[in-house]
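If you want the building blocks of each chain, they are given just below.
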Amino acid sequence: MPSDTNATIEANPSAASSSSAASGAKVLVAPPAATARGDGPCGPAGDCAAPPCSLVIFGAGGDLTKRLLVPALYNLVVDGLLDNGLQVIGVNRGERGTDSWRDDLHTSLQQFAAERSSAGKADEKSWNWLAQRMHYIGGDFASADTFERVKQQIASNKAGCGNAIFYLAVGERFFKPVVEQLGKAGLLDENAAGGFRRVVIEKPFGNDLASARDLNAHILTYANEQQIYRIDHFLGKETVQSILAVRFANALFEPVWRREYIDSVQITASETLGVEGRGAFYDNTGAFRDMLPNHLFQLLAMVAMEPPTSFDAETVRDKKAEVSAAIQPLRAEDVVLGQYAQGPAGVAYRTEPNVAPDSTTETYAAACVHLDNWRWAGVPFYLRTGKRLATRRTEIAVQLKRVPFLMFRDTPVDSLTPNVLTLRIDPAHGTRFDFNVKVPGPTMKMGRVRSTFDYKDFFKEEANVGYETLLYDCMRGDETLFQRADSIEASWAAVDGVLHPKDGALPVHDYAAGGSGPAEADALLARTGHAWRPLDDEPKRS
Ligand code: BG6
């Protein structure tokens, strides 16, 4: 809370499960839209179920499959959104039986359910429905034989209608060889298959402009753009998808959502975790590449895009692509990098496992971004992300311009703080609006107050790993939440000058583990009379 806060207005909290107007000021919560869901695991699929298909996961033994993909599939089963004609084929190096693979996944799922589902355990009927559709293939990703076996397994799924999705849950070095083998095996040929053939590619999609272009060119020799689903998992977050709803389903925001009224925007993705056993990957990547041109630019696009005329995938993606294209190429002076040193929250980055003891890799990055278009010219977008910071917080804070002070000149009010609308992505889910009111009493005193909307106060929160919508949309052929080649390349183009600086590497400044980032990042904003929003202005959530 800001220090001048002396009142708090909570926006109408109600019981978590309430779908009616809450107490206090009336806020109507629409009842859940009638969904024609399937009859659940053992019954026929409903109108909303995804079409039948074979989902082929390369990297079936990896962390992503265990922690996110299989729990997401399980959640889709529970919701009755998968078709009886689903088959899940896991491909990984190393022979093992299907049973052993399934058992491993079952154990992880139970762990996930114990931690995150209200029931505390996985529903066995739903798991069995999924498990009996799972098959394991052990084989090398570069060997034609592996892909021949995949082809046969897909063909064995008669109810799959020839549809297949190839999910590349593998390290980036395998992206090209796997797509190449898929192409050479004829697995991406939709005419021959008689069904859809889609390829899902995880982040990182390249590590600079040249590599992203090269990767795009390579995969587009084997598949067309409509077959490629490039994932940025931030777009799977409900709160990110809701940005468009908040902006475009309310008359209040859009008229002021422009340079005439908005002073600046801060996009923060701060983490308390360190590199958590990913030292080898992270030391070669760094915070900037890991987060900025992908996750943070996605948030930037959602907050800055022009209103699309429909939710049609190409219409939405065209508007987002316009934002990526409008980003002014970053210069070295627009960026501050940092690395955590020993501090209250732990040891220095350089002492983490698999990190070079003299590493100069950044674990923090901040940037000042400008968009060169009519809506946003002159409005700074400040982006920051880092590991081992004071709090975990992903949010977008939109600060409005100050109002004229004239009428308060002869009152005890000495200043007016600007309005700030905060779109809270994680771990808090919702919005917050900071504004000014009169403090009760005979004289005119100003109090800064805060109106908070929290999803859990109005909607039942589902155990959700963030991949459910992405998988479901991919099965249904909805590309809205996936990234197009042009947007990816435009994002890398905007940061290329910083990744390959002509005047030598950018300095990396120390910050204390558990702090709020390097002091130099404060100076980046001070240049324009701004300051970062404090990372710890409210009690921590568990
Ligand atoms: C990943 C990055 O893409 O996103 C990680 O590689 C980062 O370093 C993670 O921790 C953050 O995602 P989330 O959903 O936990 O905020």
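Residues numbered from 1 in each chain as written. Predicted model: local features only at pLDDT ≥ 70, side-chain atom pairs only at ≥ 80, totals over all residues. Heavy atoms only, no water.

K.L.:
Help me understand the overall build of the protein, please; the structure alone is not making it clear to me.
P.N.:
Within the protein, the regular secondary structure consists of 15 helices and 16 strands. Buried positions account for 53% of the 542 residues belonging to the protein. Taking as baseline every contact in the protein between residues at least 6 positions apart, the subset at least 24 positions apart corresponds to 76%. Accessible surface for the protein amounts to roughly 23,800 Å². Of this, 53% is attributable to carbon and sulfur atoms. (Helix = DSSP H or I, 4+ residues; strand = E, 2+ residues; numbered from the N terminus. Buried < 20%, exposed > 50% of the residue type's maximum accessible area, 1.4 Å probe, protein only. Contact = heavy atoms within 4.5 Å. Areas by Shrake-Rupley, 256 points an atom, 1.4 Å probe, with all protein chains shown as cover.)

K.L.:
Could you clarify how one ought to interpret the side chain of D434 in this entry?
P.N.:
Mapped onto the fold, D434 is located in strand β14 (residues 430–438). You can call D434 buried: its relative accessible area is 1%. In this structure the side chain of D434 is engaged in a polar contact, spanning 3.3 Å, whose partner is the side chain of R448. For D434, the contacting residues outside a window of four places in its chain are P418, N419, V420, R448, V449, R450 and R533. (Polar contact = N/O pair within 3.5 Å; in protein donor to acceptor, adjacent residues only side chain to side chain.)

K.L.:
What should I look at first to understand the UniProt feature "active site" (unreviewed entry) in the protein in this one?
P.N.:
Per the UniProt record, the feature "active site" (unreviewed entry) sits at H295. Of note is the side chain of H295, whose polar atom sits 2.7 Å from the side chain of D232. (UniProt positions renumbered as here; feature names shortened; annotations may be inferred.)

K.L.:
How do you make sense of empty space enclosed by the protein when you look at a structure like this?
P.N.:
One water molecule sets the probe size; rolling that probe over the atoms shows where empty space is left. Enumeration according to the criterion identifies four cavities of 30 Å³ or more in this entry. In this structure, the largest cavity occupies an estimated 120 Å³ of space. Contributing to the lining of the largest cavity are 13 residues, with F205, N294, Q483, I488 and W492 lying nearest its centre. Only α10 (286–304) and α14 (485–499) provide two or more residues apiece to the lining of the largest cavity. The biggest single contributor to the lining of the largest cavity is α14, with three residues. Taken together, the residues of the lining of the largest cavity break down into seven nonpolar, three polar and three charged. Computed from the structure, the second largest cavity encloses a volume of approximately 90 Å³. Considering the residues around the second largest cavity, the lining is formed by F297, Q298, A301, R317, K320, S324, F482, Q483, R484, S487 and S491. Those elements that place two or more of their residues in the lining of the second largest cavity are α10, α11 (313–326) and α14. (1 Å grid on protein atoms, 1.4 Å probe; cavity = no way out; pocket = protein on both sides within 12 Å on 5 of 7 lines; lining within 4 Å. Points joined across faces, edges and corners; volume = space filled by probe spheres on them. Nonpolar A, V, L, I, M, F, W, Y, C, P; charged D, E, K, R; others polar.)

K.L.:
Looking at this structure, how should I read the site of the ligand?
P.N.:
Near the ligand you find K203, H233, F234, K237, E271, R278, D290, H295, K387 and R392, and these make up its full shell. Within the side chain of H295, one N or O atom sits 2.6 Å away from an oxygen atom of the ligand. When the ligand sits alone it has 400 Å² of accessible area, and the protein chains cover 80% of it. Class assignment for the residues of the shell around the ligand results in one nonpolar, two polar and seven charged. (Near = heavy atom within 4 Å.)

K.L.:
What should I look at first to understand the sheet that holds strand β6 (residues 197–201) in this one?
P.N.:
One key point about sheets: their strands pair by backbone hydrogen bonds, in either a parallel or an antiparallel sense. Read across the sheet, six strands follow the order β4-β3-β2-β5-β6-β7 without closing on themselves; strand pairing throughout is parallel. The open sheet is flanked by β4 (134–138) and β7 (228–230), the only strands paired with a single partner. On average, each strand axis in the sheet is tilted by 20° relative to the strand beside it, whichever way the strands run. Relative to strand β3 (residues 87–92), strand β2 (residues 54–58) runs parallel, the two sharing five bridges. Bridged to V56 within β3 is I89. (Pairing = 2+ DSSP bridges. Axes fitted to C-alpha atoms, helices over the stretch in contact; angles between N-to-C directions.)

K.L.:
Help me out: how do you make sense of helix α13 (residues 468–476) in this one?
P.N.:
Along an α-helix, a turn takes 3.6 residues, which lines up residues three or four apart on a common side. Counting buried positions along α13 yields eight of nine residues, so the element is predominantly enclosed. All buried positions along α13 are accounted for by E468, T469, L470, L471, Y472, D473, C474 and M475. The first or second residue beyond α13 is G477, which carries a positive phi of 75°.

K.L.:
Explain helix α15 (residues 519–526) to me, please; I cannot follow it from the model alone.
P.N.:
Within the sequence span of α15, burial applies to A521, L524 and L525. The arc that holds every buried residue of α15, seen down its axis, measures 90°, which confines them to one face. Next to the buried residues of α15 lie β8 (262–270), β9 (335–341), β10 (364–369) and β11 (381–386). (Arc of directions from axis to C-beta.)

K.L.:
For this particular structure, what's the right way to read the confidence of the model for the protein?
P.N.:
Predicted coordinates in regions of low pLDDT should not be interpreted in detail. The predicted model of the protein averages 89 in pLDDT, with 89% of residues at 70 or higher. Overall, residues 1–44 carries pLDDT values under 50, and its contacts beyond four positions in sequence, including any with other chains, amount to 81 contacts. (pLDDT = per-residue confidence, 0-100.)

K.L.:
I'm lost on the UniProt feature "binding site: NADP(+)" (unreviewed entry) in the protein in this one. Help?
P.N.:
The positions that UniProt labels "binding site: NADP(+)" (unreviewed entry) are, in the present scheme, R93, D140, F141 and K203. As for the annotated residues, the ones lining the largest cavity are K203. Position of R93 among the secondary structure elements: in the loop between β3 and α2 (98–116). In this structure, R93 is in contact with Y136, G139, D140, F141, R173 and F174, ignoring residues within four places of it in sequence. Structurally, D140 can be placed in the loop between β4 and α4 (144–156). Setting aside residues up to four positions removed in sequence, D140 forms contacts with R93, T146 and F147.

K.L.:
I tried to follow the environment of L481 on my own but got confused; where do I start?
P.N.:
Mapped onto the secondary structure, L481 falls in the loop between α13 and α14. Overall, the relative accessible area of 11% leaves L481 in the buried class. Counting along the chain gives 247 residues from L481 to F234, while the straight-line C-alpha distance between them is 9.4 Å. If near-sequence neighbours (up to four positions away) are discounted, L481 is found in contact with L235, Q241, T469, L470 and D473.

K.L.:
Explain the nonpolar core to me, please; I cannot follow it from the model alone.
P.N.:
Soluble, globular proteins show a tendency: their nonpolar side chains are buried together. One finds F58, F166, Y167 and F381 to be the most contacted residues of the largest nonpolar core, which totals 146 residues. Per element, the largest residue contribution to this core is 12 residues, and it comes from α10. Residues within four places of F166 in sequence aside, it is in contact with V56, F58, V150, I154, L182, L187, L188, R197, R198, V199 and V200. (Core = buried A, V, L, I, M, F, W, Y, C linked by side-chain atoms within 4.5 Å.)

K.L.:
What exactly am I supposed to notice about the pattern of salt bridges here?
P.N.:
Oppositely charged side chains are able to pair whenever their charged atoms sit close together. Scanning the entire structure with this criterion turns up 33 salt bridges. Across the pair E395 and R393 runs a salt bridge whose closest N-O atoms are separated by 3.9 Å. Summarising the burial analysis for this pair, E395 and R393 share the class buried. One salt bridge connects D434 with R448, and the closest N-O pair in it is separated by 3.3 Å. Remark: R448 occurs in strand β15 (residues 446–454) and D434 occurs in strand β14; sequence separation between them is 14 residues. (Salt bridge = Lys/Arg side-chain N within 4 Å of Asp/Glu carboxyl O.)

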